[in-house]
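Secondary and tertiary structure notes
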Amino acid sequence: MDRQRYISVPKSKKAMQAYDLGEEMPEEMVEWKLKESEFNILYNNGVFQQLNKACDVIIDDFESEVIDAEGLSTAEIVILKLQESFNNKEIEHLYNLILEAIRNETLIAFDF
């Protein structure tokens, strides 16, 4: 059975505030429930390690972490560089979530 791991983006600032309080509603979030294989692809391609280093966060298994609006442009650059090296649908999906967070002026949350 797969563990529940989510990467989420609030659709609005109001949804972001609800997320911060643990009161978010599913319809207020763009969520990606990662399968074990998807998590492993991101992990083994160094995605989380690169984001940790560049954005000064700790994205790891059994952790919850957020990249806020200020760190999203840095995260976008990191993922673009990784896409050049590892062109796969998992990195592309994460990139699209980062773009969604930038458009919404919110955050991206990693709940593992």
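Since this is a predicted model, take the numbers as computed values, not measurements. (Residues numbered from 1 in each chain as written. Predicted model: local features only at pLDDT ≥ 70, side-chain atom pairs only at ≥ 80, totals over all residues. Heavy atoms only, no water.)

1. Considering the sheet that holds strand β3 (residues 64-67)
The 4 strands are arranged β2-β1-β4-β3 in an open sheet whose pairing can be described as antiparallel. In this open sheet, the two strands that pair with only one neighbour each are β2 (29-34) and β3. When strand polarity is set aside, the average angle formed by the axes of neighbouring strands in this sheet is 15°. Together, β1 (5-10) and β2 form the strand contacts of helix α2 (residues 36-44), whose direction differs from that of β2 by roughly 90°. Here helix α5 (residues 89-104) sits on the sheet in contact with β1, β2 and β4 (108-111), set at roughly 30° to β1. (Pairing = 2+ DSSP bridges. Helix = DSSP H or I, 4+ residues; strand = E, 2+ residues; numbered from the N terminus. Axes fitted to C-alpha atoms, helices over the stretch in contact; angles between N-to-C directions. Contact = heavy atoms within 4.5 Å.)

2. Observations regarding α2
Residue pairs spaced three or four apart in an α-helix point in one direction, given the helix's 3.6 residues per turn. Here α2 has its buried residues at Glu38, Phe39 and Leu42. The arc that holds the buried residues of α2, viewed along the axis, is 100°, so those residues lie on one side. Contact partners of the buried residues in α2: β1, β2, α3 (47-55) and α5. Directly beyond the C-terminal end of α2, a positive phi value near 80° is found at Gly46. (Buried < 20%, exposed > 50% of the residue type's maximum accessible area, 1.4 Å probe, protein only. Arc of directions from axis to C-beta.)

3. Some words on the packing of aromatic side chains
Taken as a whole and judged by the stated rule, the model has 6 aromatic pairs. Their ring planes at 80° and their centres at 6.1 Å tell us that Phe110 and Phe112 sit as a pair that is edge-to-face. Through successive ring pairs, a cluster of aromatic residues spans Phe39, Tyr43, Phe48, Phe110 and Phe112. When the ring centre of Phe39 is taken as reference, the NZ or CZ atom of Arg5 above it lies at 3.9 Å. (Phe/Tyr/Trp six-rings, centres within 6.5 Å; stacked < 30°, edge-to-face > 60°. Lys NZ or Arg CZ within 6 Å of the ring centre and 35° of its normal.)

What is shown is where atoms sit, not what they do.
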